[in-house]
Amino acid sequence: MRITFGDEFNLNSPHCHLLPSDGMAQKKYLIAKLTSCLREDKIQLWKPPYTNENKAAGKEMKELVQKYSSKLNINENDTENMLEEIRCKAIERGTGNENFKVTGIARLDIYLPRRKSRKIPLETNLFITGKELRSQIAQEHALKENAIKIIINKKQLDLGKTLEDQGVTHNAKVMVLQLEQSDEETKRKVQEEELQCKKEKEINDKMQRTKKGLEILAEREEYLDPDSVPYLDIANQTGRSIEIPPQAKKALVLAMGYHEKGRALMKKKEYEIALPYLLDADKHFCECSTELLNTVDNYAVLQLDIVWCYFRLEQLDCLDDAEKKLSTAHRCFQRCYGENHERLIDIKGSYGREKVLFLRLYLLQGIGHYHSGREKEAAEYIQKASRLHEELSIDPDKVHRLSLLGFSEQEARLALRACHGNVEHAANLITNRREEKAQIRREERAKRRQRLEDINTLKSMGYSERAAQVALHNTQGNLDQAFQFILDNPELLLEDDDHDPVAMDQFQVSQESIDQLMYMGFSRESAEQALKVFKGNIHLASQTLAHYGGVLPASLQLSPEGSSPSEESTSSKDSPTESAGSSSSATDEDMETDAVNEILEDIPEHEEDYLDLTLEEEEQIIHEYLSYIQVPQH
């Protein structure tokens, strides 16, 4: 599923890049192995005889060092250091638990961005606000307060609420994101400060514009003219629109929009800025129905992206449910594509392009197993990813040959994977797909021309352009039913295009117009009231009175005080575009236009952009982790 803009632009799910840090991954693996051994042997290092009354290491620790050094084939010095680290952390956690029970002071694990000693404990009560926590972290670790974002439990910290109100608990993991796009250490301090302030403002302004632009686009309806007012539409893999209930569509457009924005940032390797967008996307996807999420792969791809982003930030420890997210992605892929990809083959004719998603999935699962000390499972999944990489690697010469035929490198890569590297078949596939898309665009343009003709027909009958658009949209373009729809929904008749400021009750009705309506058989009172409501338009007044038996419907009747009819009704019926994007000044309108255009710039033209991976990053990561798992096993 994707979002389309007009009949030309598409929106799909994302891709990104990552690299593990040298040494750190291996240390995590060995600590995980030692922790697993301790659990199997039911050894509690924080208790005697391994910890004495002074909380120092007991003599029995030496025996453990020798035992596990031999078992895991690690030198004794490294084994001793890692066991001591595990023991000290266990004591620290136990002390913190007792302290929390007595004093209510919680211990939070602060994961700082890109530092050697990134996991730092912080003690605080849970009644402080998010702003106070952010300030405390910034002061203690020499960070610029406005340049960091806090992520706890996969959610951005709300600065105005207390930690307790946001579900923060004792021993929670706190991830700190530093919102800077450059770390050029050669610049002088003053220059860095100036650049930092500028970047902070740019980043915050960009996030606000993105939110505003997505809200405007999510509220706009497809009955608007895309030539003058852009909107986003939901389409299937073939490029044809999908009918979705308005509320569900709004949540889905917001989810996919935030996801696409995060994907665009991940392409630029701006992971610190991308992650909040991905988490917002996750939140909006959760507002969609389970049935919908089970039939499209967008949600599965998002789960992959979130885990990948955490890993690229070297903060995978902060994502407690990484394994769950990857399992969710795997199940979703199976439901969407079929157990053996049969549904995908039926829809698209092949599944070679989607294999890149499974490559990433297996790679992330293998990395997760490795960090948890499960070397057998790690080897299995990373080797699966390696085999897929070999299968999906593209011969550059074949890409070049297709580019000589006028095809883009992106089209070439996708088609070659779909056709198992056969250049002739790939060329035919690209050509056929181009023709299909051109046909869909022709059909959309024809529909648009017919819609504009029907709108003009209704306008010639005295109805506003807005009323015509809404009526035709709600009647699937049936002109006769649209006419009836307007009469059955008289509040549409109040929405004229020129926004005349003259109040209805103050409108001066001519005696001649009243006489004309009375001649048609309507009472003086009804005639005068209808002419005030429709500001002298005899055609609308007569049609409405005739349709409702000579009396205006309640929603159009003027109140005794003379205020305009159905003020509450019409205010609630304001166009989504007006409610989301109305402005009192040209400057505000320009800002909204800029916000919308910024969203549209991030929507890739090719509907399968999220599947177009060069696999260079993946190759590097696979080789790195294959070297890690070549540790001799006992």
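Definitions and limits used
- Residues numbered from 1 in each chain as written.
- Predicted model: local features only at pLDDT ≥ 70, side-chain atom pairs only at ≥ 80, totals over all residues.
- Heavy atoms only, no water.
- Helix = DSSP H or I, 4+ residues; strand = E, 2+ residues; numbered from the N terminus.
- Expected span 1.5 Å × (residues − 1).
- Buried < 20%, exposed > 50% of the residue type's maximum accessible area, 1.4 Å probe, protein only.
- Arc of directions from axis to C-beta.
- Core = buried A, V, L, I, M, F, W, Y, C linked by side-chain atoms within 4.5 Å.
- Salt bridge = Lys/Arg side-chain N within 4 Å of Asp/Glu carboxyl O.
- Pairing = 2+ DSSP bridges.
- Axes fitted to C-alpha atoms, helices over the stretch in contact; angles between N-to-C directions.
- Parallel < 35°, antiparallel > 145°, perpendicular 65-115°, else oblique.
- Left-handed = near helix turned anticlockwise from the far one by under 90°.
- Contact = heavy atoms within 4.5 Å.
- Phe/Tyr/Trp six-rings, centres within 6.5 Å; stacked < 30°, edge-to-face > 60°.

### With respect to helix 10 (residues 322–337)
Its 16 residues give helix 10 an end-to-end C-alpha distance of 22 Å, which sits within 8% of 22 Å, the value for a rise of 1.5 Å per residue. Every buried residue of helix 10 is accounted for by Ala322, Lys325, Leu326, Thr328, Ala329, Cys332, Phe333, Cys336 and Tyr337. Mapping the buried residues of helix 10 onto a view down its axis gives an arc of 155°, with all of them on the same face. Backbone geometry just after helix 10 places glycine 338 at a positive phi near 95°.

### Structural notes on unusual backbone geometry
For residues that are not glycine, phi is negative in most cases, and the peptide bond is trans in most cases. The amide bond that connects proline 48 to the next residue, proline 49, takes the cis arrangement and shows omega of 5°. If you trace the backbone, proline 49 turns up in the loop between helix 1 (24–40) and helix 2 (60–72). At histidine 420, a position not held by glycine, the phi torsion is positive, near 55°. Turning to its location among the elements, histidine 420 is positioned in the loop between helix 15 (409–418) and helix 16 (423–460). With a phi angle near 70°, leucine 615 is a residue other than glycine that sits in the positive phi range. The residue leucine 615 is located in the loop between helix 24 (586–601) and helix 25 (616–628) in this model.

### Remarks on the nonpolar core
The biggest cluster of nonpolar side chains holds 78 residues, and the ones touching the most others in it are Tyr310, Phe333 and Tyr625. Here the element with the most residues in this core is helix 9 (residues 298–312); it accounts for 11 residues. Counting residues in each nonpolar core, the second largest holds 28 residues, with Leu487, Phe534, Ala541 and Leu556 among its members.

### Focus on the pattern of salt bridges
With the rule as written, the count across this model stands at 23 salt bridges. Among the ionic pairs, glutamate 608 bridges to arginine 353, the shortest N-O distance being 3.5 Å. Taken as a pair, glutamate 608 in the loop between helix 24 and helix 25 and arginine 353 in the loop between helix 11 (342–348) and helix 12 (355–371) lie far apart in primary sequence, 255 residues in all. Each member of the pair glutamate 608 and arginine 353 is classed as buried. The salt bridge involving arginine 360 is made with glutamate 618; its shortest N-O contact spans 3.0 Å. Residue arginine 360 is located in helix 12, and its partner glutamate 618 is located in helix 25; the two are separated by 258 residues in the primary sequence. Neither residue differs from the other here; arginine 360 and glutamate 618 are each classed as buried.

### As for the pairing of strand 3 (residues 106–111)
Among the six residues in strand 3, six count as buried, and that is most of the element. With six bridges joining them, strand 3 and strand 4 (residues 119–124) adopt antiparallel strand pairing. If you follow isoleucine 110 over to strand 4, its bridge partner there is isoleucine 120. With three bridges joining them, strand 3 and strand 7 (residues 173–178) adopt parallel strand pairing. In the sheet register, aspartate 109 faces strand 7, and the bridge partner there is lysine 173.

### Some remarks on the packing of helix 14 (residues 396–404) against helix 15
Running from N to C, helix 14 and helix 15 point in directions that differ by 125°, and their axes come no closer than 9 Å. What the angle tells us is that helix 14 and helix 15 run oblique. Note on packing geometry: the crossing formed by helix 14 with helix 15 is right-handed. Two secondary-structure elements touch here, helix 14 through Lys398, Val399 and Leu402 and helix 15 through Glu409, Ala412, Arg413 and Leu416.

### Let's talk about the packing of aromatic side chains
Under the criterion given, the structure shown has 13 aromatic pairs. Relative to tyrosine 337, the ring of phenylalanine 333 lies with its centre 5.5 Å away and its plane at 15°, an arrangement referred to as stacked. Here tyrosine 337 and phenylalanine 333 lie together in helix 10, a separation of four residues that amounts to about one turn. In terms of burial, phenylalanine 333 and tyrosine 337 fall into one category: buried. Ring geometry for phenylalanine 358 against tyrosine 362: centres 6.2 Å apart, planes inclined by 45°, an arrangement best described as tilted. Here phenylalanine 358 pairs with tyrosine 362, and both are found in helix 12, just four residues apart, close to one helical turn. Classification of phenylalanine 358 by relative accessible area gives buried; the value is 7%.

### Details of the pairing of strand 5 (residues 148–152)
Regular strands place side chains that alternate from one sheet face to the opposite one. In terms of burial, strand 5 is largely enclosed, as five of its five residues are buried. Here strand 5 shows no split at all, with Ile148, Ile150 and Ile152 on one side and Lys149 and Ile151 on the other all buried. Sheet topology note: the strand 5/strand 7 ladder contains five bridges and is antiparallel. Bridged to lysine 149 within strand 7 is leucine 177.

### Here we look at the environment of leucine 626
Following the sequence through the fold, leucine 626 ends up in helix 25. What makes leucine 626 buried here is its relative accessible area of 18%. Put simply, leucine 626 and isoleucine 382 are 244 residues apart on the chain and 7.1 Å apart in space, counted from C-alpha to C-alpha. When near neighbours in sequence (up to four residues on either side) are disregarded, leucine 626 contacts Ile382, Gln383 and Ser386.

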